[in-house]
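# Descriptive structure summary
Below, each chain spelled out in residue letters.
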Amino acid sequence: ESDGSDRDGRKSRDARTHVRVDLTSSLDAADLQRSSLGGAIQVDAPDLAAAARVLRHAGLTDAPALSAGMARAKFALGGTFADPRLDGNLEAHDVRYAGLNPATLRTRVSATRTEIRLDDIRGNLGESSAHGALRLNVASGRIGGQIDAALNDFTGLTTAAGLPVRVDGALDGTVIISG
């Protein structure tokens, strides 16, 4: 029986993404759609690079894989089968992509059948930071929101984007998203 140690006695890290769903409901025999929905969803992705490879292999994304990072999310379920609700928090740490400095992200997520909202988005990428809120109308595909950003490391961003010029400086700004 293994205790999870490798040949040198070091504990091995489980890089698999774990999703736990606890679902409760009071079924309405007359109308299943009116049945209550409750419970929780918890996601623990200790290796975003491994998760991205699996998603790419499954054909769910064609984006280049992340090189590092971890993410966690905890959501509460509510509403009914006809009108479900999900509310919770998502956070990611030490996310590395395309040679950029490690990034962090935290946001509050709420979702219904008609709308997905990311409120209190807070992100850091090296010396740069952003905060704001976004919403997506599921039926129409329309997105809206505002992001306030302080970009303090143009050199790292232009290098990661593959731009043939070196740009130094900083930029503070607001992006209004609508469409």
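Structure: see above.
Residues numbered from 1 in each chain as written. Predicted model: local features only at pLDDT ≥ 70, side-chain atom pairs only at ≥ 80, totals over all residues. Heavy atoms only, no water.

### Structural notes on unusual backbone geometry
- A positive phi angle, close to 55°, is found at Asp-94, a residue other than glycine.
- By the element assignment, Asp-94 lies in strand S4 (residues 84–96).
- A relative accessible area of 37% means that Asp-94 is categorised as partly exposed.
- In the Ramachandran plot, Asp-120 falls in the positive-phi region, its phi being about 55° despite a non-glycine side chain.
- Tracing the sequence through the fold places Asp-120 in strand S6 (residues 115–125).
- For Asp-120, a relative accessible area of 47% translates into the label partly exposed. (Helix = DSSP H or I, 4+ residues; strand = E, 2+ residues; numbered from the N terminus. Buried < 20%, exposed > 50% of the residue type's maximum accessible area, 1.4 Å probe, protein only.)

### Brief notes about a nonpolar patch on the surface
- Taken together, the side chains of Ile-116, Leu-136, Val-138 and Ile-143 present a nonpolar region at the surface, about 270 Å² in accessible area.
- Assignment of secondary structure puts Leu-136 in strand S7 (residues 128–137).
- On the basis of relative accessible area, Leu-136 is assigned to the partly exposed category, the value being 31%. (Patch = residues over 30% accessible without salt bridge, like charges linked within 9 Å, V, L, I, M, F, W, Y side chains within 5 Å. Areas by Shrake-Rupley, 256 points an atom, 1.4 Å probe, with all protein chains shown as cover. Salt bridge = Lys/Arg side-chain N within 4 Å of Asp/Glu carboxyl O.)

### A word on the environment of Leu-48
- Tracing the sequence through the fold places Leu-48 in helix H1 (residues 48–57).
- On the basis of relative accessibility, which here comes to 14%, the residue Leu-48 falls in the buried class.
- Non-local contacts of Leu-48, meaning those with residues more than four positions away in its chain, are made with Leu-66, Ala-68, Gly-69, Met-70, Ala-71 and Val-95. (Contact = heavy atoms within 4.5 Å.)

### Here's the deal with the nonpolar core
- Membership of the largest hydrophobic core is limited to 7 residues, which are Ile-41, Ala-73, Phe-75, Leu-77, Leu-86, Val-109 and Ala-111.
- Every element with two or more residues in this core is listed here: strand S3 (68–79) and strand S5 (103–111).
- No other element matches the 3 residues that S3 contributes to this core.
- The residues contacting Ile-41, other than those within four sequence positions of it, are Val-19, Arg-20, Val-21, Ala-73, Lys-74, Phe-75, Leu-77 and Leu-86.
- Counting 6 residues, the second largest nonpolar core, distinct from the first, contains Ala-45, Leu-48, Ala-92 and Ala-103. (Core = buried A, V, L, I, M, F, W, Y, C linked by side-chain atoms within 4.5 Å.)

### Points about the environment of Ser-178
- Tracing the chain through its elements places Ser-178 in strand S9 (residues 171–178).
- Note on Ser-178: relative accessible area 60%, which makes it exposed.
- Between the C-alpha atoms of Ser-178 and Ile-143, which are 35 residues apart in sequence, the distance is 5.7 Å.
- Residue contacts for Ser-178: discarding those within four places in its chain leaves Arg-142, Ile-143 and Gly-144.

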